[in-house]
Every structure is written in structure tokens, then in C-alpha cells.
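# Descriptive analysis of the structure
One-letter residues, chain by chain:
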Amino acid sequence: MATWSETRTYGVEIECIAGNLGLHGVADAIRRAGIECQVEGWQPHGARSYRTWKVTSDGSLSPGGVEVVSPPLAGQAGLEEIKRVCEILQSIRCFVDRSAGLHVHHDGRDFRPHDFEKVIRYYQFFEQVIDQGLAPSRRGSPRWCATLRGIDPTAPDIRSGRIDRGRYFKINLNSYAAHGTIEFRGHQGTINGEKIASWVVLTGAIMETARRGRSCKYTAGKVARGAKATWAYMRNSILVNRGGRFSETPTFKALEWFEGRIREFKAKERTPRRAA
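The present account deals with the structure reproduced in this document. (Residues numbered from 1 in each chain as written. Predicted model: local features only at pLDDT ≥ 70, side-chain atom pairs only at ≥ 80, totals over all residues. Heavy atoms only, no water.)

### Some details on the pairing of strand 3 (residues 53–56)
Going residue by residue along strand 3, you find Trp53 and Val55 tucked away on one face and Lys54 and Thr56 tucked away on the opposite face as well. The sheet contact formed by strand 2 (residues 37–39) and strand 3 spans 3 bridges and is parallel. Looking at strand 3, one finds that Gln38 is bridged to Lys54. Bridge count for strand 3 against strand 4 (residues 65–69) is 3 bridges, and the pairing is antiparallel. Bridge pairing in strand 4 places Thr56 opposite Glu67. (Buried < 20%, exposed > 50% of the residue type's maximum accessible area, 1.4 Å probe, protein only. Helix = DSSP H or I, 4+ residues; strand = E, 2+ residues; numbered from the N terminus. Pairing = 2+ DSSP bridges.)

Structure, rendered in C-alpha cells:
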């Protein structure tokens with residue numbers, strides 16, 4: 001059973017639009033709620049420190065955009081802290097637009113060379129399935145989170161924990177050298193704490209599937225033999241069973257949430273648009 005780990009640390013980068021509040025206005029609101037938070041000017045990705053929550057700028061965002069960055073978090077307590085910060089962002093009327101994204105980092109310091117290969121293979125195989133639960137603007141190969149299709153998971157750079165072609169892929173291995181993390185960049189911007197928590201758990205379960213799986217089943221050869229990526233296939237690759245107390249775990253709930261998102265997007269796509 002490859003479930004989300006309560007002990008593997010993670011962090012989030014929440015991009016949103018704060019209007020005229022600016023970096024200090026957002027940081028002040030978070031501090032007033034009793035959460036330590038600092039303002040940090042833009043720095044190269046590897047130069048940032050992550051001991052407290054931080055609010056920083058990001059040139060890829062619309063005017064008034066900020067990036068709210070967590071320190072390393074763990075377990076359910078970390079998810080609850082994310083939800084608190086999101087409530088604060090909502091209370092000061094932050095919002096998201098198509099320029100914003102959500103980035104999740106998971107600690108990967110226990111990964112071995114073939115684990116990097118496996119996590120890339122896994123996401124490649126299920127990428128189109130995962131895309132079904134994300135906003136249309138994040139599907140395919142957007143500028144800031146390009147598709148992993150075309151990446152050779154057996155290449156020396158992958159097995160060393162990096163992608164020589166850059167970090168703007170749906171999985172960014174290059175954060176491993178800077179922070180010891182693997183970054184998932186695919187999700188659209190949101191300040192909904194429940195959505196963020198579920199995405200953290202789902203991507204964490206993908207990490208455990210890669211790390212703890214005895215072998216990588218999701219190879220080009222398997223695809224060539226006709227294996228088809230489906231949501232049921234992906235769900236069952238993470239879950240061994242759906243019964244008993246396991247139905248109450250964060251992993252199960254995150255899978256149920258994502259399945260609901262897929263249904264919601266499919267329903268919207270089936271609804272005919274009215275002529276203007």
C-alpha cells in the first residue's frame with residue numbers, strides 16, 4: 001500500500017493576487033493570526049530560506065501578484081496550517097487568476113537514482129489522467145509546467161535528480177539539488193485550503209508509490225503492450241483496497257476528492273456554451 005507519508009516533509013508555494021496590499025500587507029495579515037511570516041525579496045530559487053512562512057514576489061504573476069511560501073511541514077498538522085493561511089488570504093480578499101499556480105515540494109532526500117526514474121515514469125504514464133482533474137489552462141504543456149512526455153526517464157540527468165532542460169515541468173527535479181525536494185508544479189492557482197491539502201496528499205502518495213514500489217510498472221514497454229492509463233488504474237496503483245478503516249485515511253479522501261474533480265470538469269465540458 002503506497003499511501004501518503006505522515007513523516008515525509010512537504011512545503012507549498014501559493015501564488016495569488018493581493019491587489020494593493022503588497023507583500024507587507026499579506027505578511028502582516030498572516031502574522032496577526034499568530035503565524036510567523038516574513039517578507040522576502042525575489043531571490044534565485046536555490047538561495048531562499050524556509051524556516052518560516054514567507055511572502056515574496058514572482059514576475060510571472062499578474063500585477064499585484066504574490067507568492068506565499070511555507071516552511072517545511074509534516075502530517076495533518078501541516079495541512080491544518082495551510083488551511084489557516086488560506087483562510088487569511090481569503091479574508092483579505094486575495095484571489096487567483098490564470099497566471100497563478102500552486103507548487104508542492106516533497107522531501108526527496110531518501111530517493112535513490114531509480115526512484116527519480118520511477119516518479120517520472122509514473123507521472124508520464126498517468127499525465128493525461130491527472131490533467132483531467134486540473135483546470136484546462138494547466139493541461140497539456142503550459143509554459144510554466146510543461147509536459148513530461150518526451151523526457152527520457154533513464155537519462156543520466158534524471159537518475160541524478162535533475163532535468164537538464166530546466167525546472168518548468170510538471171515535476172521539477174531540479175529543486176532536489178537546491179533543497180532536497182521534488183516539486184509538483186501542475187496544479188492551477190488556488191487559495192482553497194481543502195483543495196491544496198488534497199493535492200499535497202495525492203502528490204505525496206505518488207512519491208510513496210515511486211519510492212516504495214518494488215519495481216516500476218509504468219514503462220514504455222507496458223504502454224506498447226496496450227496498457228491504458230485510466231483513473232481506476234491510477235487509483236488502484238495507490239490503493240490496495242478500499243475497505244475498512246483505510247477509507248478514513250487522508251490518502252483515500254484525497255483520491256475521492258480528485259475523482260470528484262474529474263467528474264466536475266467532465267460535466268462542464270459536456271455542458272453546451274450559450275451563444276453571446
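After that view, the rundown keeps rolling.
### A few points about the nonpolar core
Judged by nonpolar contacts, the single largest core of 70 residues is most densely connected at Ile14, Val26, Trp53, Val68 and Trp199. When residues of this core are assigned to their parent elements, the largest contribution, 10 residues, is made by helix 6 (residues 193–212). Every residue in contact with Ile14, bar those within four places of it in the chain, is listed here: Trp53, Val66, Glu67, Val68, Cys86, Leu89, Gly101, Leu102, Thr190, Ile191 and Ile196. (Core = buried A, V, L, I, M, F, W, Y, C linked by side-chain atoms within 4.5 Å. Contact = heavy atoms within 4.5 Å.)

### Quick notes on the packing of aromatic side chains
By the definition in use, this model includes 12 aromatic pairs. With a centroid separation of 6.3 Å and 50° between ring planes, the pair formed by Trp4 and Tyr10 is classed as tilted. Of the two residues, Trp4 and Tyr10, both sit in the buried class. When the centroid spacing of 4.9 Å and the interplanar angle of 75° are considered together, the rings of Phe116 and Tyr176 count as edge-to-face. Placement of the pair is Phe116 in helix 3 (residues 113–131) and Tyr176 in helix 5 (residues 175–179), with a sequence separation of 60 residues. Look at Tyr176 and you get partly exposed, because its relative accessible area is 23%. A connected cluster of aromatic rings, assembled from ring pairs, spans Tyr122, Phe125, Phe126 and Tyr233. Note that Arg139 overlies the ring of Phe265, its terminal NZ or CZ placed 5.2 Å from the centroid. (Phe/Tyr/Trp six-rings, centres within 6.5 Å; stacked < 30°, edge-to-face > 60°. Lys NZ or Arg CZ within 6 Å of the ring centre and 35° of its normal.)

### Remarks on the sheet that holds strand 3
Overall, mixed pairing links the 7 strands, which are arranged 2-3-4-1-5-7-6 in an open sheet. A single partner strand is all that each edge strand has here, and the edge strands are strand 2 and strand 6 (171–172).

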